[in-house]
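A look at the structure
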Amino acid sequence: MQQTPSTVGAVVVLAAGQGTRMRSRTPKVLHHLGGRSMLGHVLAAAEPLGAGRTVVVVGSGREAVAEHLTAVAPHATAVVQEQQNGSGHAAAVALDALGEVSGAVLIVNGDAPLLRAETLHALVQAHRQAGDVLTVLTAEVDDPTGLGRIVRDGGGAVRAIVEEKDADPATRAITEVNAGVYVGDAAAVREALTRVGSSNQQGEQYLTDVLGLLVADGAPVGGHRAPDAADTLGCNDQRELAERRRMLNDRVLDDLMRAGVVVIDPMTTWVDVTAEVAAEAVLQPGTQVLGASTIGAGAVVGPDTTLVDVEVGEGASVVRSHCQLAVIGPAATVGPFSYLRAGTELARGAKVGAFVETKNVQVGEDSKVPHLSYVGDATIGRGSNIGAATVFVNYDGVVKHRTTVGDHVRVGSDTMLVAPVTIGDGAYTAAGSVITNDVPPGAMGVARARQRNVAGWVRRRRPRTPAAEAAAAAGGAPDGPATDTGTAASTAPSPGTGDEQQGQP
Ligand code: UD1
Ligand code: CA
C-alpha cells in the first residue's frame, strides 16, 4: 500500500508491564508469533510512520527486552520505568526521556501484535484532519470484557475512557473499546499526565485518564474506529497468544493465496510475516515457512517440512524435511527426510535424498547425495554422486576439517572421507573405503581390507544348522583352504556407489 509519510515526531511503545497472566518467565512483549515478538510486530507497524524517534518503555524483564530491542530495532531507545505504576506513568516516563517532540506523538501498547501500518496511518490521518489534541484508536467488539470503554456523548463525541474495573453497569454495556493506541500533541499529553491521579480500582496512573482531562479542558479530542477490530486485539495470556498467532497466520496465508500461492491445507500451514513465497509455489500440508525464508515460483514444499531462514529456488522440491539457514537452488530436490543445516548450499538441480544430513557444504550443479549420508564442511563439484551411507568425517575430536570433491566424481557407498581430503575431478572411490589420502583426478581410491573366503567354514563350525544344510545342498566343500579373492579393486569393476543412477551417462 502506497503511503504518504505522516508527521509523527515520535513513537512511544509501552512495554514495561509484567504480563502476569502469561504465566511465563519471558517478558510478555517478547513472546513470539508469526516470526516476530509482540514488540517486534508493534515496532514494524509503526516503522512506516517514519517517526524521528522511537522510545520503548521497559520495566519487567528490562534487560531481556532492551537486548531484544538492540537486535530487532537498533533505532529505538529503551527507557526504564522503575516501578510499574500504570500506563499513564509509563507514558510520562517516555515523554520525559523524549524531551521536545516536533509534531505528534504516537503512544501504543506493546501487546497489540496484530496492529497494521495502515491502521496506524489512518489513525494519524484522522487525527490531523480533525485537528484534535488527542485521538484514540477504538474498536467495536462483540465481547469487551477487560477492556477500557469508550464513552461518547449524545452527539457521538468521545468524552472519556473508563476501565472495566471502574465502570458502572451502563458503561460496561458499551461495546466500543480503547485499542490502547493514541496519537496526540506531545506537550498537551505531557501536561495532562501531570494531573493524572491513581484513585481507581487498580491504584494506577491510567494513560486513559488523559482523554477525560483534555475533554474537561475543552480541548478537541477524537476517536477513530479501526475498520477491522481484529487489528486492535491485545494479548494477555497464552490462550490469546495462540489465537493471535492463528489470526496472523490466516492473514499471511490469505495474502499469499490472493497472490497466487497454492496452499493445500491452510489449517496446518504456517508462514511467518517475514517470509516470502512466490506465486505458483505449492505449500503442502504440515509446512512451516519461518524467519527470512523465501520460496521461488513453482517450488513445492512439504508435506511436513520446516524451513527456517531458507532460500528455495524456482521449481525446487522439498519433501518431509527440516532445513535451516540453507540455500536450495532452482530445480534442486530435497527429501524425503533430509536435514539441511546452516551453510548448506545446493546448486541448480542438486539432490539431497532420504536420511541425509548436511552442514556447511556447497553441492554443485546436478550433484547428488541420494541416501543415508552425513556431509559436513565440504565442497562438492558438479555432476558428482555421493554413494549411499557416505560420511564426510569432518571432526577430529577437536577441530573441523574440510573435504573437497571435484566434478563428476563417484564416491562409492559407505565411503568414509576423512578430512582434510580432496577427491579429484572424475575420480572414483571403492565402496567401503576409508579415504585418508587425496585421490588424484581420474584415479580409483581403494582403502579397505582384502576379502578372504574361508571355504567350508559353516559346515565345519556350524554343523546341523540350516546354513550348513543349505551349503551342503549347494555343494559347498566341507573343508579347504582359505582363498584370497584378489585386490579389492579388482573385485569392483563397479565401485558400488549405491545409487540407482550409477553408470548412467
Ligand atoms: C489497557 C488500557 C485499556 C485498553 C487496553 C487495550 C489502560 C489503563 N488501559 O488495558 O483501556 O482497552 O489496554 O489492550 O491503559 N504498561 C507499562 N507500565 C505500567 C503498566 C502498563 O509500560 O506500569 C504497559 C504494558 O506493558 C502494556 C500497556 O502499558 O503494553 C497496557 O497495560 P496493560 O496492563 O496491558 O493494560 P490493559 O489492562 O490491557
Ligand atoms: Ca493489555
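Everything numeric in this text was worked out from a predicted model, so none of it was measured.

Across its full length, the chain holds 10 helices and 41 strands. On C-alpha atoms alone, the chain measures out to a radius of gyration of 33 Å, which is more than a quarter above the 23 Å that the 2.2 N^0.38 rule sets for 505 residues. Principal-axis analysis of the C-alpha atoms gives the chain an extent of 110 × 50 × 45 Å. The buried share of the chain, taken over its 505 residues, is 46%. Here the analysis covers contacts within the chain between residues at least 6 apart in sequence; of these, 42% occur between residues at least 24 apart.

On to the side chain of N249, then. Tracing the backbone shows N249 in helix α8 (residues 238–258). The class for N249 is buried, based on a relative accessible area of 3%. Excluding residues that lie within four positions of it along the chain, N249 makes contacts with P266, T269, W270 and V271.

Below, the discussion takes up the packing of aromatic side chains. To describe a pair of aromatic rings, you give the distance between the ring centres and the angle between the ring planes. Tallied over the entire structure, the rule returns one aromatic pair. Looking at K400, its charged tip hangs above the ring of Y395, at a distance of 5.1 Å from the centre.

With that settled, consider the coordination of the calcium ion (ligand 2). Ideal donor angles around a metal are set by the shape: a four-donor tetrahedron calls for 109.5 degrees, a six-donor octahedron for 90 or 180 degrees. Listed as protein donors to the calcium ion (ligand 2) are D111 (OD) and N236 (OD1); their distances from the metal cover 2.4 to 2.9 Å. Residue D111 is located in the loop between β6 (104–109) and α4 (117–130), and its partner N236 is located in the loop between β11 (221–225) and α8; the two are separated by 125 residues in the primary sequence. Considered together, D111 and N236 belong to a single accessibility category, that of buried residues.

The subject of this paragraph is the packing of helix α3 (residues 87–98) against helix α6 (residues 186–193). It is the contact of α3 with α6, at a shortest axis distance of 10 Å, that shows an interaxial angle of 130°. In terms of their interaxial angle, α3 and α6 are classed as oblique. Between α3 and α6 lies a crossing whose hand is left-handed. Of the residues in α6, those touching α3 at G88, A91, A92, L95 and D96 are A186, V189, R190 and L193.

Let's shift gears to the pairing of strand β5 (residues 76–80). For strand β4 (residues 53–58) and β5, the ladder comprises five bridges, and the chain directions are parallel. If you follow V58 over to β5, its bridge partner there is V80. Crossover β4 to β5 through helix α2 (residues 62–72) is right-handed.

Right, let's talk about unusual backbone geometry for a bit. Here the residue pair G335 and P336 is connected by a cis peptide bond, since its omega of 0° sits within 30 degrees of zero. Counting through the fold element by element, P336 comes out in the loop between β24 (333–334) and β25 (338–340). In this model, D377 sits at a positive phi of 55°, which is unusual for a non-glycine residue. Of note, D414 is a non-glycine position whose phi angle comes to about 60°, a positive value.

Let us look at the nonpolar core. Generally speaking, a soluble globular protein has its nonpolar side chains buried in company with each other. Counting residues in each nonpolar core, the largest one holds 46 residues, and the members touching the most others are V271, L283, I295, V312, I328, L346 and I380. Contributions of two or more residues to this core are made by α8, β28 (356–363), β30 (374–380) and β36 (421–423). The next biggest cluster of nonpolar side chains, apart from the first, holds 36 residues, and it includes V79, V101, L193 and A219.

One can describe the packing of α6 onto helix α7 (residues 209–216) by two numbers: an axis separation of 9 Å at closest approach and a directional angle of 100°. Judged on the interaxial angle alone, α7 and α6 are roughly perpendicular. Where α6 approaches α7, its residues A188, V189, A192 and L193 are matched on the opposing element by V210, L213 and L214. Taken together, the residues of the contact of α6 with α7 break down into seven nonpolar, no polar and no charged.

Around ligand 1 sit 21 residues in total, of which L14, Q81, S87, E163 and N178 are the nearest. At 2.9 Å from an oxygen atom of ligand 1 is found a main-chain nitrogen or oxygen belonging to A16. Take N178: an N or O atom from its main chain is 2.7 Å from an oxygen atom of ligand 1. Summarising the interface, the protein chains cover 89% of the accessible area of ligand 1, which totals 750 Å² for the free molecule. Those elements giving two or more residues to the shell around ligand 1 turn out to be β1 (8–15), α3 and β10 (176–185). Split by residue class, the shell around ligand 1 holds seven nonpolar, 11 polar and three charged.

What follows covers the pattern of salt bridges. Tallying each qualifying case throughout the model produces 17 salt bridges. D231 is paired through a salt bridge with R251; the nearest N and O atoms lie 3.0 Å apart. Here the residue D231 occupies a position in the loop between β11 and α8, and R251 occupies one in helix α8, the gap between them amounting to 20 residues. Bridged by salt links that share partners, the residues R116, D228, D231 and R251 form one connected network.

Mapped onto the elements, V93 comes out in helix α3. Spatially, the C-alpha atom of V93 lies 20 Å from that of V136, the residues being 43 residues apart in sequence. When near neighbours in sequence (up to four residues on either side) are disregarded, V93 contacts V79, V80 and Q81.

Moving on, we get to the confidence of the model for the chain. Interpreting fine coordinate detail is not advised for predicted regions of low pLDDT. Per-residue pLDDT for the chain has a mean of 94; in total, 93% of the residues score no lower than 70. Low pLDDT (under 50) marks residues 488–493, which in the prediction has seven contacts with non-local residues, meaning those over four places away or in another chain. This stretch, residues 500–505, has a pLDDT under 50; its non-local contacts, to residues over four places away or in other chains, come to seven contacts.

Moving on, we get to a nonpolar patch on the surface. A cluster of nonpolar side chains, namely F337, F355 and L372, defines an oily patch on the protein surface of about 330 Å² accessible area. With respect to the helices and strands, F355 occurs in the loop between β27 (351–354) and β28.

A word on the environment of A331. Within the secondary structure layout, A331 lies in the loop between β23 (327–328) and β24. For A331, a relative accessible area of 38% puts it in the partly exposed group. In sequence terms A331 and I264 are 67 residues apart; their C-alpha atoms lie 21 Å from each other. Ignoring sequence-local partners within four residues, the contact set of A331 consists of E314, G315, A316 and G349.

Cut-off values and rules
Residues numbered from 1 in each chain as written. Chains lettered and ligands numbered in written order. Predicted model: local features only at pLDDT ≥ 70, side-chain atom pairs only at ≥ 80, totals over all residues. Heavy atoms only, no water. Helix = DSSP H or I, 4+ residues; strand = E, 2+ residues; numbered from the N terminus. Rg over C-alpha atoms; globule rule 2.2 N^0.38 Å. Buried < 20%, exposed > 50% of the residue type's maximum accessible area, 1.4 Å probe, protein only. Contact = heavy atoms within 4.5 Å. Phe/Tyr/Trp six-rings, centres within 6.5 Å; stacked < 30°, edge-to-face > 60°. Lys NZ or Arg CZ within 6 Å of the ring centre and 35° of its normal. Donors = N, O, S within 2.8 Å, 3.2 Å for Na, K, Ca; no water. Axes fitted to C-alpha atoms, helices over the stretch in contact; angles between N-to-C directions. Parallel < 35°, antiparallel > 145°, perpendicular 65-115°, else oblique. Left-handed = near helix turned anticlockwise from the far one by under 90°. Pairing = 2+ DSSP bridges. Right-handed = clockwise from strand over helix to strand, strands pointing away. Core = buried A, V, L, I, M, F, W, Y, C linked by side-chain atoms within 4.5 Å. Nonpolar A, V, L, I, M, F, W, Y, C, P; charged D, E, K, R; others polar. Near = heavy atom within 4 Å. Polar contact = N/O pair within 3.5 Å; in protein donor to acceptor, adjacent residues only side chain to side chain. Areas by Shrake-Rupley, 256 points an atom, 1.4 Å probe, with all protein chains shown as cover. Salt bridge = Lys/Arg side-chain N within 4 Å of Asp/Glu carboxyl O. pLDDT = per-residue confidence, 0-100. Patch = residues over 30% accessible without salt bridge, like charges linked within 9 Å, V, L, I, M, F, W, Y side chains within 5 Å.

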